[in-house]
Amino acid sequence: MTTNRPMPFLLALGTLATSCVLGLSMPAAAAQYLVRPGDDWSKLKERLKPGDEVILMPGTHRGARFDDLCGEPKNPIVIRSPDPKTVSTIVADDVGILLRRPKWVRIENIVISDARRAGIVIAGDAEGRATNISLLNVYVAKTGDFAEKAGISIDQTDHMTLKDCRIEAWYQSGVHISASTDIALSAVQFVGGANTPDEYGVAIDGGSASVILERCRFSPGIGTAIAIGLAETGVLPAPLTLKEGEKPTPRFLAEGITVERAIVKRAKRFVAFGSCANTLVRANTIIDPETAYAVLEPPIGFAHITGSSFLANLITWLPGTLKKFSTIAGGADAKGLSVEANLWNSAELPAARSILGDFVGTMKSEQILDVDPKLDGYERPQTEAARSFGHTSP
């Protein structure tokens, strides 16, 4: 473990950092802390300041928890491996990296494996929210069946980005986003494991808003690739306390969600809609699902889906794979989901059309059932009439 004495494994840098306490400026030299395998690097929490870097040297590391890490917009605190080609591994019984109430922190080029609760937990609480966090090129694998049961758990967090990450083999959710806003997942890969349930690829709930998934990839073995506003994926927000005579406004478990340009292969279900508003699911390529989409009943006190759209998606399957185009739970109201033009292709069409059931929601356009997209090796349609659908559409 590093100390504050000049040593080869602590490299002082000549930049200035600003304290997060009360907004006071306190000059301090940013530093690099080189952590050796086996060190208890949670002890660095009293030293880390804006611009500092925690560098996990090659080898296998313990998990760590940090409360109130506070970087700055141009000087985040960074946790990383020495370089992208020398990636260090965290093996943890509990959580790989747990950040409570962090601000302006970046984690990059790290592997986390065998964490029983979650690979990474980013969380706010009653004392303050987490904000401005980024994960870049992080690989999380084999997370267990305790507590969060997630690859990456994001709770009470604002302004967070996951880019070029990979999550493999989890129990409930690959990424769980709860009570959070302005969250972006870009080019994140989800890979189911042979010995894990992998129930949901991404679960969004708890009153989350402004979440975007773009160019994500979901490999075989996942139950539901994307769950938006489902009661069963997380803890419900507390009931509202109304003044006498005050009328409640509609409450949603998820609002302003966008899912586009994903490739989803052999998930049992592509997307499930619960209590959500202003959700857009467009231009995705879904291969061999059992069900393309579902609308589920919201919990008591939360509103049904509204102002949402499912369009320009390309769904293709081998005969016998797709069981239903879509499904609806008994008490759900699906009229708030607009179903616009989507392309559905299989060699069993049109013969199996009646077996596959109805398209749940408010139909805005005829569905395309008679065009073979002729996908190439990159899942790109080669048929001109199909190029307006799927992950490569304009």
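Residues numbered from 1 in each chain as written. Predicted model: local features only at pLDDT ≥ 70, side-chain atom pairs only at ≥ 80, totals over all residues. Heavy atoms only, no water.

Engineer: Before we move on, can you summarise the confidence of the model for the chain with the specific residues and values?
Structural biologist: Note: predicted coordinates in regions of low pLDDT should not be interpreted at a detailed level. Averaged over every residue, the pLDDT of the chain is 92; residues scoring 70 or more account for 92%. Every residue in residues 1–27 scores below 50 in pLDDT, and together they form 53 contacts with partners more than four places removed in sequence or on other chains. (pLDDT = per-residue confidence, 0-100. Contact = heavy atoms within 4.5 Å.)

Engineer: Please provide a residue-by-residue account of the packing of aromatic side chains, values included.
Structural biologist: This structure, assessed with the given rule, holds 9 aromatic pairs. Consider the rings of tryptophan 317 and phenylalanine 325, whose centres lie 6.3 Å apart with planes at 80°: the pair is edge-to-face. Here tryptophan 317 and phenylalanine 325 have matching classes, each one buried. When the ring of phenylalanine 325 is compared with that of phenylalanine 359, the centres are 4.3 Å apart and the planes differ by 25°; the resulting orientation is stacked. Note that phenylalanine 325 is positioned in strand 31 (residues 324–328) and phenylalanine 359 in the loop between strand 33 (343–345) and strand 34 (362–363), a separation of 34 residues in sequence. Overall, phenylalanine 359 belongs to the buried group, its relative accessible area being 10%. In this structure an aromatic cluster arises from ring pairing among Trp317, Phe325, Trp344 and Phe359. (Phe/Tyr/Trp six-rings, centres within 6.5 Å; stacked < 30°, edge-to-face > 60°. Buried < 20%, exposed > 50% of the residue type's maximum accessible area, 1.4 Å probe, protein only. Helix = DSSP H or I, 4+ residues; strand = E, 2+ residues; numbered from the N terminus.)

Engineer: Give me the lowdown on the nonpolar core, citing residues and values where you can.
Structural biologist: Core analysis: the biggest nonpolar cluster contains 83 residues, and Trp41, Leu185, Phe190, Phe218, Phe273 and Tyr293 have the highest contact counts within it. With residues up to four places along the chain from it excluded, the contact list for phenylalanine 190 reads Ile167, Trp170, Gly174, Val175, Leu185, Gly201, Val202, Cys216, Arg217, Phe218, Ser219 and Ile222. Ala203, Leu230, Ala294 and Leu296 belong to the second largest nonpolar core, which has 7 residues in total. (Core = buried A, V, L, I, M, F, W, Y, C linked by side-chain atoms within 4.5 Å.)

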